[in-house]
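# Coordinate inspection notes
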Amino acid sequence: PGRDYILTGMDLKADLNFVANVADLQTGKVQPTRVQVVGTEDLSGTATTKLVLTNLELPAQKTTIWVDTKSKMVVKAEQILPQLGNAVLEYVRAN
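This report concerns the structure included in the present document. Remember, it's a predicted structure, so these values are computed and weren't measured experimentally.

## Observations concerning the pattern of salt bridges
Enumeration according to the criterion identifies four salt bridges in this entry. Across the pair Glu78 and Lys76 runs a salt bridge, and its minimum N-O distance is 3.4 Å. One salt-bridge network, in which partners are shared between bridges, spans Lys76, Glu78 and Glu90.

As structure tokens, then:
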């Protein structure tokens, strides 16, 4: 949950691409994760910046986050959970 606040506080330029160590709350381990801006997208009339976070040790585990370009708040997030048969956990901010 805290990573969203950290990411939305960053300057989300189109070429943002880096690796960060992220704590996995389920395993208690730190995992290298690629963070990259992959573009912009309109979600129901809201201009967003789209980020993809990929676990480098388990590439099927991805999180996509859409950040409102004006308010810098997370509008939507989807996480693929390979441990649960590739279930998709989705968060959508209510208006």
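## Topic: the environment of Glu57
Secondary-structure assignment places Glu57 in the loop between strand E3 (46-55) and strand E4 (62-68). Here the alpha-carbon distance between Glu57 and Pro32, two residues 25 residues apart in the chain, equals 7.0 Å. Among all residues touching Glu57, those that are not within four sequence positions of it are Gln31 and Pro32.

## Some points on the side chain of Asp68
Inspection of the secondary structure assignment puts Asp68 in strand E4. At 4.2 Å, Arg93 is the nearest oppositely charged side chain to Asp68, a buried residue that forms no salt bridge. Of note is the side chain of Asp68, whose polar atom sits 2.7 Å from the backbone nitrogen of Lys70. With near-sequence residues (within four places) excluded, Asp68 lies in contact with Thr46, Ala47, Thr48, Met73, Val75 and Arg93.

## What to know about unusual backbone geometry
One non-glycine residue, Lys72, adopts positive backbone phi at about 65°. Residue classification places Lys72 among the partly exposed residues on the basis of a relative accessible area of 39%. Not every positive phi belongs to a glycine, and Asn86 is a case in point at roughly 65°. Structurally, Asn86 is set in the loop between strand E5 (74-81) and strand E6 (87-92). Under the relative-accessibility criterion, Asn86 is labelled partly exposed at 46%.

## Some points on the pairing of strand E2 (residues 30-43)
Pairing between strand E1 (residues 17-23) and E2: seven bridges, direction antiparallel. Bridged to Asn21 within E2 is Pro32. The turn joining E1 and E2, which pair antiparallel and follow one another in sequence, is formed by six residues; a positive phi near 75° is taken by Gly28. Summarising the sheet, E2 and E3 pair through ten bridges and their orientation is antiparallel. Residue pairing in the sheet places Thr33 in a bridge with Asn55 of E3.

What counts and how
Residues numbered from 1 in each chain as written. Predicted model: local features only at pLDDT ≥ 70, side-chain atom pairs only at ≥ 80, totals over all residues. Heavy atoms only, no water. Salt bridge = Lys/Arg side-chain N within 4 Å of Asp/Glu carboxyl O. Helix = DSSP H or I, 4+ residues; strand = E, 2+ residues; numbered from the N terminus. Contact = heavy atoms within 4.5 Å. Buried < 20%, exposed > 50% of the residue type's maximum accessible area, 1.4 Å probe, protein only. Lys, Arg positive; Asp, Glu negative; His and termini not counted. Polar contact = N/O pair within 3.5 Å; in protein donor to acceptor, adjacent residues only side chain to side chain. Pairing = 2+ DSSP bridges.

None of this, on its own, says anything about what the molecule does.
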